[in-house]
Every structure is written in C-alpha cells, then in structure tokens.
Amino acid sequence: MEGNSVSWRVRAIRGATTASENSVAAIREAVNELMRVIEAENTFDIDEIISVTFSVTKDLDAIFPAAIARQRPNWKNVPLLDVQQMCVTSDLDFCIRCLIHFNTPNPNQPIHHIYQNRAKDLRPDLGFVKPRVPSTLPSH
C-alpha cells in the first residue's frame, strides 16, 4: 500500500455556553444546544472522537454535562469527562465549556469553535461565527 498513506491528525474543537440557572433542565438545554451547533458547524466522524472534556464553573452541580452528551445519538461510546473549571473570581456564572479531540485524515479541515449565550465574550479574538443553523429550536 505504498503511496496510499493518509496523514491523520488530531484536531480539537472548543465550545462554551452558559446555562440560565443551576438546574437539570437548564444545563440539559445549554449542553444539547451547544453540542447540536458544534455538530452542525463542524465535519467530524463521531467514531473518530478521541475524547471530550466538559468543564463547569463551581455554581453548576445539578447534573454532569457528560451524562447529557452521552444521551445524544451515536455518543454512547464516546469517552467523556467532567471537571470543575478553575475558580476565578471574574469568570462567568453558570458556564459550561467543552473540548473535543478527534482524529481526521484532513489536516486542513476547517474548525468552527462555538461560543454561545454569555460565553460569546470569552473569546472575542476568535470572532463570532454566525451558525448556519438556528441557535434555538422552534417553539411548538
């Protein structure tokens, strides 16, 4: 198979959002929305994910974000980890961050880091990329 080598590379997608309060429902809504937009805005194969780390500020303890992500279609076998974010006085309240490491055969694959809600202010240097998908689900 000489000449057919594929140059795989590890890439990472960052994301952050804020929950409206410390409740299972609010954290579930924030995590699902963040993951939905990350999946819609980036091209990666769920089977090629190495791991996902979620961090939360100390004011969020109603549920683990990984427990929510694990319920998403095809995410049951993805290695997920929750940690508490380092406590910094000026940090956002109710903040959830994630870091997704994945393998890709395309080392030049575009990466779209997603910052939602009040977390948009965390990385103004990246510039806000308007999602191609609506940020909220339509009301019924």
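Residues numbered from 1 in each chain as written. Predicted model: local features only at pLDDT ≥ 70, side-chain atom pairs only at ≥ 80, totals over all residues. Heavy atoms only, no water.

K.L.:
Could you clarify how one ought to interpret the sheet that holds strand β4 (residues 95-104) in this entry?
P.N.:
Strand order across the open sheet formed by five strands is β3-β2-β4-β1-β5, with mixed pairing between neighbours. Where the open sheet ends on each side, the last strands, each with one partner, are β3 (80-84) and β5 (114-115). Where strand β1 (residues 9-18) and β4 come together, ten bridges link them in antiparallel fashion. Of the residues in β4, the one forming a bridge with V10 is N103. Sheet strands in contact with helix α1 (residues 24-41) are β1, β2 (49-56), β4 and β5, and its direction is about 30° off that of β4. (Pairing = 2+ DSSP bridges. Helix = DSSP H or I, 4+ residues; strand = E, 2+ residues; numbered from the N terminus. Contact = heavy atoms within 4.5 Å. Axes fitted to C-alpha atoms, helices over the stretch in contact; angles between N-to-C directions.)

K.L.:
Would you mind showing me how to read the packing of aromatic side chains here?
P.N.:
Each aromatic ring pair is summarised here by two numbers: the centre-to-centre distance and the angle between the ring planes. Taken as a whole and assessed by the stated rule, the structure comprises one aromatic pair. Plain terms: the ring middles of F44 and F102 are 5.6 Å apart, the flat faces sit at 40° to each other, and that makes the pair tilted. Of the two residues, F44 sits in the loop between α1 and β2 while F102 sits in strand β4, which places them 58 residues apart along the sequence. Residue classification places F44 among the buried residues on the basis of a relative accessible area of 16%. Taking relative accessible area as the criterion, F102 reaches 1% and is therefore assigned buried. (Phe/Tyr/Trp six-rings, centres within 6.5 Å; stacked < 30°, edge-to-face > 60°. Buried < 20%, exposed > 50% of the residue type's maximum accessible area, 1.4 Å probe, protein only.)

K.L.:
What is the right way to look at the layout of surface pockets in this model?
P.N.:
Looking at the second largest pocket, its volume works out to about 160 Å³. Looking at side-chain class alone, the lining of the second largest pocket contains four nonpolar, four polar and four charged residues. (1 Å grid on protein atoms, 1.4 Å probe; cavity = no way out; pocket = protein on both sides within 12 Å on 5 of 7 lines; lining within 4 Å. Points joined across faces, edges and corners; volume = space filled by probe spheres on them. Nonpolar A, V, L, I, M, F, W, Y, C, P; charged D, E, K, R; others polar.)

K.L.:
Help me understand the environment of S51, please; the structure alone is not making it clear to me.
P.N.:
Among the secondary structure elements, S51 is positioned in strand β2. Classification of S51 as partly exposed rests on a relative accessible area of 22%. In this structure, the C-alpha to C-alpha distance between S51 and P79, residues 28 residues apart in sequence, is 4.9 Å. Leaving out residues up to four positions away in the same chain, S51 has contacts with P79, L99, I100 and H101.

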